[in-house]
Amino acid sequence: MSNEQLLDLYEPKRQSPVAIMMFIISFIRKFFNIAIYVFIPLFVGKQAASIMTYLEIAALVIAVFILTMSILSYFKYYYFIDDQSFNIQKGVLSKKKVNLPFERIQNINFEQKIIHQIFGVVTLQIDTAGSAGNEIKVEALPKAEAEAIRDYILEQKRELSLQHTDTDEEVAGVEEAEVIERKPDELLLNLGILDLMKIGVSQNHIRTAFIIIGLGFSFAGNLEDIFKINFFDLFVENADFIGNTYIFPLVFFLIISFFITLVRTILKHFDLRFYKSHEGFKVTSGLFTRQEVALRREKVQIIQWTDNPIRRIFKIFTLDIKQAVSGIVRNNKQKAEVPGCYQHQVDEVLKSCFPDLADEDFSEHRIHSAFVIRRFIYFGLIPLALFLTLYFILEKINFLVIAIAFPVFALLLLLLFHKKYRVYVGTQFIKIKKGFFGTSRAVFPLYKIQAVEIEQSIYQRRKDLANVSIHTANGTLTIPYFPLEKALELKNYALYKVESENRPWM
Amino acid sequence: MENLFTNQQIDVSALPQIQDVTWSPLNKKYLPISLIGTWIFGLILCGIFLGVNLTNTDLIEADWVVWGVSGGIILLFVLISIVSILGFKHKAYALREHDILYKSGLIFRKTIALPYNRVQHSEINQGPIERNFDLAQLEVFTAGGSNSDLVIPGLLNEDAQRIKTFIMAKSANHE
């Protein structure tokens, strides 16, 4: 980076005007979302006319006020860097300064919506550590500048950490480390349209169908309020899916959801590029919204890879690299999900993040079969009783069908789950394998664990079983119905690892 | 299958065992105070429900429904009280050299262990009733999200302060 460029970054700057445009678009979108709920019932209702005028005026005043404020705040919003920190200056009525020291910055990600792409700008997201964590978002700035800021901050962070180790202990490798050239990013995976088709086809369409049906129900609920028709009554009166009435809508929903999922998958992961970078990994993807997620190797807490019966045919996995996220904000944007990975890419990531994993010697453990019996009570017998009662009260044959089908299906799933569940315990790592039809595998190093919890119900106490919850900086993994002795051993050992090694977990 | 850990130099049975810990119970004042808090909330809830329905008889026409629901609310709070009375003696904490432990639960017994070198920050909270009785609640946070936060209620304020200082000193040592 030339000095001139650097000086440029030190200068407080406004965002690209695209930021205003983005705001107006999101404002209009939100406005319409609310408007639909507010106005439709009013149009249908009796007193619509008289209330409308007041509401219209109020809405207009609020809209104008918000727009003016946002334009003013655009002109009062500046960002710049100095020697130690990234800064934002903002506020129309009261001045506000946000100062983010480099050492607290954990992650720098870019996002490009389609408008950003047209104007060559990006949204810069800076994520900080700690439970008081918050995220800073600069809505629109030129891409080259965002990249310069990111490189500069990462460079400063690296120097800080080198200084740190230098003062802590004399490290011989410091000079050497400084000489090492920044390696160019190595492309591990690039998804073409065929790969995207494979991924889209093998998505969980049944789940999507249920979501669509669920949305349908909540929409029906809204319509109910407006038209005063009870859809549940309609459902119960006409419910007779033995006689085929409901087979057609079900197939229809499945087909619709199949295409929706396919299109969504292709849009979301369009031209996905998965790089191995100097710090760790980088994933860019998306057609309309192009997103870049950067991962630092030390921050990775869990690596998980999942398949399902169809993906097993294609031999592809969805790889999920879970990195430490700041305490409160846990949004999906932090998620580095790489669908369509082959085994060798999974291995590459594992090798790079957890180098010791290759020498690990795992012992294999299962969960107790009491798991199936106990869960069957909740997910099999209770629904059975519920639907049987409904059947006897309403005397509709379909409730009897559900009453019988539910426990059978639940038992099948539970047996599959129990059969597949494995805990692999090594000296440095734990690996958990689980799933119903598909298989998900998760690996994490013991020393990165945050806390360990053991839980026993009355029944489990009698049987000497326990649920072990392992809390990490990216979610909790629970091993259910583990023999108590092993659970305690695992807990003691995990605590020993965390407390004796004292390695930084990110 | 038999043994959890293979290929290691240390003997797992020689590791410090959580089972051997001597637990410190919560302060005895905590139980009556938490019950007072529960019942104030319960009675206010019940009062609002009764007040609204007795002044406004159109909402629910049948009297027995109104009294039934109120009775239900009271019964629920009786149950909550029983659970907290019986559960009180299962709540305890322990400080070890490298971690803090807290156990709780009547039906589901839980024990959580939180190493000092994973502590992000800690807080002391005092409710209005607690303040009058000089009790406090200590919360210890990690990066593991709300599930792995450790909350010890019913500590003497002075103990809570002392424990907090101790934990923060321990966790600062590691950085």
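All of these numbers come straight from a predicted model, not from anything done at the bench.

### Here's the deal with the side chain of Lys282(A)
(1) Moving on: The residue Lys282(A) is located in strand E9 (residues 280-285) in this model.
(2) Moving on: Within the local environment of Lys282(A), its side chain forms a polar contact with the side chain of Asp185(A), the two groups lying 2.8 Å apart.

### A closer look at the nonpolar core
Residues and elements named next belong to chain A.
(1) Moving on: Ile430, Phe444, Ile449, Val468, Ile479 and Phe482 are the most contacted members of the largest nonpolar core, which totals 41 residues.
(2) Moving on: Per-element tally for this core: the top contributor is helix H16 (residues 484-501), with eight residues.
(3) Moving on: When near neighbours in sequence (up to four residues on either side) are disregarded, Ile479 contacts Ile367, Tyr421, Val423, Ile432, Ala466, Asn467, Val468, Ile470 and Leu490.
(4) Moving on: Of all hydrophobic cores here, the second largest spans 31 residues; its members include Leu196, Ile199, Leu295 and Val300.

### Concerning the packing of helix H1 (residues 30-55) of chain B against helix H2 (residues 63-88) of chain B
To describe two helices that pack against each other, one gives the angle between their axes and the distance between the axes.
Residues and elements named next belong to chain B.
(1) Moving on: Axis separation between H1 and H2 bottoms out at 10 Å; the angle between their running directions is 170°. For the element pair H1 / H2, the angle class is roughly antiparallel.
(2) Moving on: Taken together, the residues of the contact of H1 with H2 break down into 21 nonpolar, six polar and no charged.

### Remarks on a nonpolar patch on the surface
All names here are of chain A.
(1) Moving on: On the surface, Met21, Ile25, Ile114, Ile118, Phe119, Val263, Leu267 and Phe288 cluster together into a nonpolar patch covering about 710 Å² of accessible area.
(2) Moving on: The set of elements that each furnish at least two residues to the nonpolar patch consists of helix H2 (18-44), helix H4 (114-119) and helix H10 (247-269).
(3) Moving on: When you line up the elements, Val263 lands in helix H10.

### Considerations on helix H7 (residues 193-201) of chain A
(1) Moving on: Those residues of H7(A) not exposed but buried are Leu196(A), Ile199(A) and Gly200(A). One side of H7(A) carries all its buried residues, which in axial view fall inside an arc of 95°.

The rules we used
- Residues numbered from 1 in each chain as written.
- Chains lettered and ligands numbered in written order.
- Predicted model: local features only at pLDDT ≥ 70, side-chain atom pairs only at ≥ 80, totals over all residues.
- Heavy atoms only, no water.
- Helix = DSSP H or I, 4+ residues; strand = E, 2+ residues; numbered from the N terminus.
- Polar contact = N/O pair within 3.5 Å; in protein donor to acceptor, adjacent residues only side chain to side chain.
- Core = buried A, V, L, I, M, F, W, Y, C linked by side-chain atoms within 4.5 Å.
- Buried < 20%, exposed > 50% of the residue type's maximum accessible area, 1.4 Å probe, protein only.
- Contact = heavy atoms within 4.5 Å.
- Axes fitted to C-alpha atoms, helices over the stretch in contact; angles between N-to-C directions.
- Parallel < 35°, antiparallel > 145°, perpendicular 65-115°, else oblique.
- Nonpolar A, V, L, I, M, F, W, Y, C, P; charged D, E, K, R; others polar.
- Patch = residues over 30% accessible without salt bridge, like charges linked within 9 Å, V, L, I, M, F, W, Y side chains within 5 Å.
- Areas by Shrake-Rupley, 256 points an atom, 1.4 Å probe, with all protein chains shown as cover.
- Salt bridge = Lys/Arg side-chain N within 4 Å of Asp/Glu carboxyl O.
- Arc of directions from axis to C-beta.

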